[in-house]
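Coordinate analysis (summary)
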Protein chains: 2
Amino acid sequence: MNSNEELKNILLDFDLLSKLVVGIGEVSEITGVPTRQIRYWEEKGIIISSKETEGTTRKYDYLNVKKILLIKEQLDDGYTLDAAAKKVEERMKNVNEAFMKLAQRSK
Amino acid sequence: MNSNEELKNILLDFDLLSKLVVGIGEVSEITGVPTRQIRYWEEKGIIISSKETEGTTRKYDYLNVKKILLIKEQLDDGYTLDAAAKKVEERMKNVNEAFMKLAQRSK
DNA sequence: CATCGATTGTAGTTTTGTTACAATATACGT
DNA sequence: ACGTATATTGTAACAAAACTACAATCGATG
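Residues numbered from 1 in each chain as written. Chains lettered and ligands numbered in written order. Predicted model: local features only at pLDDT ≥ 70, side-chain atom pairs only at ≥ 80, totals over all residues. Heavy atoms only, no water.

Regarding the protein's contact with DNA strand D
Around DNA strand D, the surrounding shell holds 21 residues, and the nearest of these are Arg36, Tyr40 and Leu81 of chain A together with Lys51 and Arg58 of chain B. If you look at DNA strand D and keep only atoms within 4 Å of the protein, 65% of those are sugar or phosphate atoms. One of the backbone nitrogen or oxygen atoms of Leu81 of chain A is found 2.7 Å away from a phosphate oxygen of DNA strand D. At a separation of 2.8 Å, a phosphate oxygen of DNA strand D approaches a polar side-chain atom of Arg39 of chain B. Of all the secondary-structure elements, those providing two or more residues to the surface near DNA strand D are helix H4 (35–43) and helix H6 (81–105) of chain A together with helix H3 (24–31) and helix H4 (35–43) of chain B. Looking at the surface near DNA strand D, the element that brings in the most residues is H4 of chain A, giving four residues. Classifying every residue of the surface near DNA strand D gives six nonpolar, eight polar and seven charged. (Near = heavy atom within 4 Å. Polar contact = N/O pair within 3.5 Å; in protein donor to acceptor, adjacent residues only side chain to side chain. Helix = DSSP H or I, 4+ residues; strand = E, 2+ residues; numbered from the N terminus. Nonpolar A, V, L, I, M, F, W, Y, C, P; charged D, E, K, R; others polar.)

What follows is the structure, encoded as structure tokens:
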């Protein structure tokens, strides 16, 4: 099986991938950021889980988790939370765009 | 930004994607298969969530969800559960392989 | 109609997540 | 040192989601 076929196999369900939303406990395990801290960032408007718009418990998709990881990086680098958030916001533009396009292409 | 760059952007965290494991309720919403039914398939050994190996509550990764979707398809086509499972097992070989390779490549 | 395969229902319990309060810590300017 | 702003953490009381272990149901086939 060649590379294109592999890719297609995944792309076919890229929209499935975008539906994989995990709980806050899982996010904490993946990223190493305590749940309490994640909720705090959310209070500040830096992270927006799917809860804001619907359900009762917070759910995080790939883009959210990615963002949390990036912010953590910046904090470790010595940036303030706001500065980290701003920097990451920029970087996320590219990630978002790429993700969305791939999701779109697979429909 | 060209296609390769987009792809790379995603591939960079393909291992993150593979860590996104969702709860049974979410799987049910995504696939349309009732939680009760998913647990039943698991009893029969057709689906293997992460619970068997670790935690206390079941978690499902992309491959698990994909498998559930495929089994549902086969059932709707009139196959028995065992037959569906067998057929899907074959198809999953390719999906597994592709997924693993992509995850690997991104390290 | 009895049996098998497949699914569904549910009570009672455990795990996970939520809010809303407050406490703590660190840094910075006056 | 003191006050202030930023950032994080703790926790009690409550709500949601998931778990197990029973049992019931339903359709097809011998």
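Additional details are given in the paragraphs that follow.
Quick word on the protein's contact with DNA strand C
Not every one of the 20 residues close to DNA strand C is listed here, only the nearest: Lys51 and Arg58 of chain A together with Arg36, Tyr40 and Leu81 of chain B. When the atoms of DNA strand C within 4 Å of the protein are grouped by moiety, sugar and phosphate amount to 63% of the total. The separation between a base nitrogen of DNA strand C and a polar side-chain atom of Arg36 of chain A is 3.5 Å. Leu81 of chain B has a polar backbone atom sitting 2.8 Å from a phosphate oxygen of DNA strand C.

A word on the packing of aromatic side chains
Residues and elements named next belong to chain B. Per the counting criterion, the structure on display carries four aromatic pairs over all chains. Centroid distance Tyr62 to Phe99: 4.9 Å. Interplanar angle 5°. Geometry classified as stacked. Taken together, the residues span a long stretch of sequence, with Tyr62 in helix H5 (residues 62–76) and Phe99 in helix H6 (residues 81–105) at a distance of 37 residues. Look at Phe99 and you get buried, because its relative accessible area is 4%. (Phe/Tyr/Trp six-rings, centres within 6.5 Å; stacked < 30°, edge-to-face > 60°. Buried < 20%, exposed > 50% of the residue type's maximum accessible area, 1.4 Å probe, protein only.)

Some details on the packing of H3 of chain B against H4 of chain B
Describing two packed helices takes the angle between their axes plus the distance from one axis to the other. Residues and elements named next belong to chain B. Axis separation between H3 and H4 bottoms out at 9 Å; the angle between their running directions is 105°. It follows from the interaxial angle that H3 and H4 lie roughly perpendicular. Residues Ile24, Gly25, Val27 and Ser28 of H3 pack against Thr35, Ile38 and Arg39 of H4. For the contact of H3 with H4, the class distribution of residues is three nonpolar, three polar and one charged. (Axes fitted to C-alpha atoms, helices over the stretch in contact; angles between N-to-C directions. Parallel < 35°, antiparallel > 145°, perpendicular 65-115°, else oblique. Contact = heavy atoms within 4.5 Å.)

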